[in-house]
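Below, each chain spelled out in residue letters.
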Amino acid sequence: MGSDVRDACGVFGIYAPGHMVANQIYLGLFALQHRGQESAGIACSDGDTITVIKEMGLVAQAFDDVKLAALDGHIGIGHVRYSTTGSSEWRNAQPIFRSVADGGIALGHNGNLTNTTELAEVLGTLPGMFEHSATEVDSTSDSELIAALLAQEFSNGEDSDGRDLERALTTVLPKLSGAFSLVLIDEAHLFGVRDPHGIRPLVLGRTDGGWVLASETAALDIVGAHFVREVEPGELVAIDAAGVRSIRYADPTPNLCIFEFVYIARPDTQLYGKSVHLARQRMGEELARQAPADADMVMPVPESGVPAAQGYSRASGIAYGDGFVKNRYVGRTFIQPDQRQRGSGVRIKLNPIAANLSGKKVVVVDDSIVRGTTTRQIITVLREAGAVEVHFRVSSPPYRWPCFYGLDTGERADLLAADMSVGEIQDFLGVDSLAYLDLDRLVAATEVGHESFCSACFTGNYPVAVPLQDTKLVLENRSAADHDFGQILPEQSAQ
Ligand code: SF4
């Protein structure tokens, strides 16, 4: 909860001949709810017709028995979304449906493309194909662009052999840049795609008589599927009556978002074969070794700070305790659309346990500080409840650079650490001490190699070039020299 950011999206897909899959997709989306809370959608095919239902709100609000019963079919995909500011509207909900040739396609996207302007220019030559002009393209329409490009391939295509979408994907995917984990269906096939960097996760699972695709392994568990493998970066997986086919459309350069390990993914998910929960505990242990504190109690900012606080306690020998009771019926703070409301959300969600805090020196552990608004209020609440010293520990490095790959952190000016030193942040938060986990220690805690990650929000070293024309505002703190170049390239952007 300390990470006052908007999450990535979540995707789910299933192919299960002889079964109605809508209920399983519903469960899968329920398990992925933490990745997006603004809209939810399901598309199912019965072999002849694709039906799509999408609504604003949480999965449980968006669907009921009547709607699920209307989603007939044994092939389907689902999507939960957190939109960017100003685009929280039904038309941006997914899955996206497009009529093509004699049928249709539906698509769910997790991630953000970084070459939308180029792609829209291509589509802009086709009247009616895409409603935005190139200059109007923003991050909310990049998924629509993918669907439009695929539809364009259908109109350019040859006689149907039942593999039109697969052929369209192999043509379109190499043109896309940025982050994209996709699930797609036509009437008879399910597809899963990961971008060549594998920035967002996507896994393949097996269930009785069927196959499942999901953003996280936790969504396999809920439908009784077992983990088979991750969809590889640069891989297209096609699933139909013949089984699973793997098509390599690009060479892999794995750069999984390290923030998935820090905050986004559920703790009961596995990434790169590693338990996220255990990795977060190791982050806390590393933090205790790097930045010890003289205190009576280690407490988390619930719930995202819990595993790291447990690790900090274990490595430091300082007792673990609870300083807050969390109201479980309030969503993550970032559901509220503006800063003022986000501020009031802290007290609604977290109530301090004064009896556990009064007169104590506490170490407070959280996974990250992005905007800082929430964290500052947490400190105030702890002091009012009687804590005599507050030592804040963060199980990731300072979050300095905006994400262009599907995590909405706002503009660079919104990031607390963009231009402040750790000492200045300590003063701003009003804590007795403050420490962030070093990047090397964070990576070590994942037990995965440094080169396998994107860590651009900590380093400014973006693995996929980011076009400046769309992002001047969010990077306004950059130097004129950077702007002159027109693109932030990985080797340029490291600071
Ligand atoms: S910039 Fe940060 S949040 Fe975005 S993909 Fe990279 S590591 Fe993840």
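Preceding block: the structure.
Residues numbered from 1 in each chain as written. Predicted model: local features only at pLDDT ≥ 70, side-chain atom pairs only at ≥ 80, totals over all residues. Heavy atoms only, no water.

J.: Now, about the sheet that holds strand β22 (residues 433-436): what can you tell me, with residues and values included?
T.: Spatial strand order, β17-β20-β21-β22: 4 strands in an open sheet with parallel pairing. At either margin of the open sheet sits one strand with a lone partner, and together these are β17 (297-300) and β22. Strand after strand, the sheet turns through a mean of 20° between neighbouring axes, direction not considered. By the bridge criterion, 4 bridges tie β17 to strand β20 (residues 361-366) in an arrangement that is parallel. Residue pairing across strands places Val 298 opposite Val 363, the latter belonging to β20. Lying on the sheet, helix α10 (residues 306-316) is in contact with β17, β20 and β21 (389-394); it crosses β17 at an angle near 165°. (Pairing = 2+ DSSP bridges. Helix = DSSP H or I, 4+ residues; strand = E, 2+ residues; numbered from the N terminus. Axes fitted to C-alpha atoms, helices over the stretch in contact; angles between N-to-C directions. Contact = heavy atoms within 4.5 Å.)

J.: With reference to specific residues and values, describe the site of the ligand.
T.: Near the ligand lie 13 residues; those nearest to it are Arg 200, Cys 257, Cys 403, Cys 454 and Cys 457. According to the grid-proximity analysis, the pocket containing the ligand is the largest cavity. Of all the secondary-structure elements, those providing two or more residues to the shell around the ligand are α8 (258-264) and α16 (456-459). The residue makeup of the shell around the ligand, split by class, is 11 nonpolar, 1 polar and 1 charged. (Near = heavy atom within 4 Å. 1 Å grid on protein atoms, 1.4 Å probe; cavity = no way out; pocket = protein on both sides within 12 Å on 5 of 7 lines; lining within 4 Å. Sits in = over half its atoms within 2 Å of the grid points. Nonpolar A, V, L, I, M, F, W, Y, C, P; charged D, E, K, R; others polar.)

J.: Any chance you could break down the side chain of Gln 37 for me, citing the residues and the numbers?
T.: Here Gln 37 is to be found in the loop between α1 (22-31) and β2 (39-45). You can call Gln 37 buried: its relative accessible area is 9%. A distance of 2.7 Å separates a polar side-chain atom of Gln 37 from the backbone oxygen of Gln 33. (Buried < 20%, exposed > 50% of the residue type's maximum accessible area, 1.4 Å probe, protein only. Polar contact = N/O pair within 3.5 Å; in protein donor to acceptor, adjacent residues only side chain to side chain.)

J.: Go over unusual backbone geometry, please, and point to the residues and values.
T.: For the bond running from Gln 94 to Pro 95, omega is 10°, close enough to zero to count as cis. Along the chain, Pro 95 falls in the loop between β4 (75-81) and β5 (96-100). A cis amide bond, omega -5°, links Pro 302 with the succeeding residue Glu 303. With respect to the helices and strands, Glu 303 occurs in the loop between β17 and α10. Positive phi outside glycine occurs at Ala 101, with the angle close to 45°. For Ala 101, a relative accessible area of 73% translates into the label exposed. A positive phi is found at Tyr 272, a non-glycine position, where the angle reads about 50°. Mapped onto the elements, Tyr 272 comes out in the loop between β15 (270-271) and β16 (274-275).

J.: Which residues make up empty space enclosed by the protein, and what values do they have?
T.: In total, this model carries 2 cavities of 30 Å³ or more according to the counting rule given. If you add up the space inside the largest cavity, you get close to 80 Å³. Around the largest cavity sit Ile 199, Arg 200, Cys 257, Ile 258, Phe 259, Tyr 399, Cys 403, Tyr 405, Leu 407, Cys 454, Ala 456 and Cys 457, which together line it. At the level of secondary structure, the elements contributing two or more residues to the lining of the largest cavity comprise α8 and α16. Of the residues contributing to the lining of the largest cavity, the split by class is 11 nonpolar, no polar and 1 charged. When its volume is computed, the second largest cavity comes out at roughly 30 Å³. Lining the second largest cavity are Pro 201, Leu 202, Val 203, Ser 215, Glu 216, Thr 217, Glu 230, Thr 269, Gln 270 and Leu 271. For the lining of the second largest cavity, a count of residues per class yields 4 nonpolar, 4 polar and 2 charged. (Points joined across faces, edges and corners; volume = space filled by probe spheres on them.)

J.: Which residues make up helix α9 (residues 276-290), and what are the values?
T.: The end-to-end C-alpha distance of α9, which contains 15 residues, comes to 21 Å, matching closely the 21 Å that a straight helix rising 1.5 Å per residue would cover. Counting buried residues along α9, 11 of its 15 residues qualify, which places the element largely inside the surrounding structure. Among all positions in α9, only Val 276, Ala 279, Arg 280, Gln 281, Arg 282, Met 283, Gly 284, Glu 285, Glu 286, Leu 287 and Ala 288 are buried. Sitting at the head of α9, Ser 275 places a side-chain oxygen 3.3 Å from the backbone nitrogen of His 277. (Expected span 1.5 Å × (residues − 1).)

J.: Any details on the packing of aromatic side chains? Residues and values, ideally.
T.: Summed over all chains, the structure comprises 9 aromatic pairs. Each ring, one from Tyr 405 and one from Tyr 462, has its centre 6.2 Å from the other, and the planes form 75°; the classification is edge-to-face. Note that Tyr 405 is positioned in the loop between β21 and α14 (422-429) and Tyr 462 in the loop between α16 and β24 (466-467), a separation of 57 residues in sequence. Given the relative accessible area of 1%, Tyr 405 is considered buried. Given a relative accessible area of 0%, Tyr 462 falls into the buried group. Members of the aromatic cluster, each reached through a chain of ring pairs, are Phe 259, Tyr 263, Tyr 399 and Phe 458. (Phe/Tyr/Trp six-rings, centres within 6.5 Å; stacked < 30°, edge-to-face > 60°.)

J.: Summarise the sheet that holds β5; cite the residues concerned and give the values.
T.: Strand order in the open sheet formed by 6 strands is β5-β6-β7-β8-β12-β13, and the pairing between neighbours is antiparallel. Both edges of this open sheet fall to β5 and β13 (243-248), since each of them pairs with a single strand only. Going across the sheet, the axis of each strand differs from the next one's by a mean of 20°, ignoring polarity. Pairing geometry for strand β8 (residues 190-194) and strand β12 (residues 235-240), over 4 bridges, is antiparallel.

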